[in-house]
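Each chain is listed here by its residues.
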Amino acid sequence: MDVDLFVWRHPKPRGAEGLCIGRTDVPVDPRKAKRLAHRICQYARRHGLARVVFTSPLERTAAVGCWLARWGWRHIEDPRLAELDFGRWDGLAWDRIGATALDAWTADFSLHAPGGAESLAELFARCRQFLDDAGIGQPACIVGHAGWMSAARHVVEGKAPPTRAADWPRPARHAQLLRISTRQEQLS
């Protein structure tokens with residue numbers, strides 16, 4: 001798979017501090033969404049990228065895509081770009097989930113479905129399916145979620161889902177660009 005993805009993590013959502021947020025649709029400040037859309041525009045222009053952006057349907061990514069669409073970009077929403085589905089944990093404070101439930105997840109990190117919804121292995125399969133079906137053979141701009149971004153990087157690098165939570169990478173910062181590529185040359 002020859003892949004060159006430019007993935008920006010969505011702006012910091014409002015009211016999500018200390019919460020397990022996967023599919024919970026939390027809002028973002030419209031000014032932060034517009035600011036990130038502007039940065040993506042500048043980056044795409046500087047590097048000759050197509051004016052197409054992929055996002056999940058969740059507001060924290062789609063809001064950025066909507067700004068880009070207002071400026072003439074093609075905005076494609078795809079549910080396969082959504083964050084990990086935490087099921088009954090979604091929207092709860094991490095400390096309300098409880099140590100026993102968290103221990104069960106970390107004991108079988110890649111196959112256990114936290115909150116009864118989606119395992120890390122299933123997220124990886126969803127990432128792989130998106131990359132295969134979307135025909136990403138040319139550089140693509142994506143506004144993504146931290147978990148999806150980490151999973152996509154593993155998939156592109158041909159790595160399996162980590163079996164230990166300690167091997168999961170630190171999340172990208174909000175609005176940070178992560179280049180996920182199998183190509184050798186690097187853009188700055």
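For the structure, check the block above.
The rules behind the values
- Residues numbered from 1 in each chain as written.
- Predicted model: local features only at pLDDT ≥ 70, side-chain atom pairs only at ≥ 80, totals over all residues.
- Heavy atoms only, no water.
- Helix = DSSP H or I, 4+ residues; strand = E, 2+ residues; numbered from the N terminus.
- Contact = heavy atoms within 4.5 Å.
- Core = buried A, V, L, I, M, F, W, Y, C linked by side-chain atoms within 4.5 Å.
- Buried < 20%, exposed > 50% of the residue type's maximum accessible area, 1.4 Å probe, protein only.
- Pairing = 2+ DSSP bridges.
- Axes fitted to C-alpha atoms, helices over the stretch in contact; angles between N-to-C directions.

Caption draft 1: A look at the side chain of S119. If you trace the backbone, S119 turns up in the loop between α4 (99-107) and α5 (120-133). Beyond its immediate sequence surroundings of up to four residues, S119 is in contact with L84, S110, L111, H112, A113 and P114.

Caption draft 2: Expanded view of the nonpolar core. Counting 28 residues, the largest nonpolar core has L5, L123, C127, F130, I142, W148 and I180 as its most contacted members. For this core, the secondary-structure elements that each account for two or more residues are β1 (4-9), α5, β4 (140-144), α6 (146-156) and β5 (177-181). Contact partners of L123, with chain neighbours within four places excluded, come to A82, L84, E118, G147, W148 and A151. F6, Y43, V53 and V143 belong to the second-largest nonpolar core, a separate cluster that totals 20 residues.

Caption draft 3: Spotlight on the sheet that holds β5. Pairing within the open sheet is mixed, and its five strands lie in the order β3-β2-β4-β1-β5. Each end of this open sheet is capped by a strand with a single partner; those strands are β3 (74-77) and β5. Ignoring which end each strand starts from, the neighbouring axes of this sheet average 25 degrees apart. Relative to β4, β1 runs parallel, the two being bridged by five bridges. Its bridge partner lying in β4, R9 is registered against G144.

Caption draft 4: Just unusual backbone geometry, in detail. For A175, which is not glycine, the phi dihedral falls at a positive 70 degrees. Relative to the helices and strands, A175 resides in the loop between α6 and β5. Take A175: its relative accessible area is 17%, and that puts it in the buried class.

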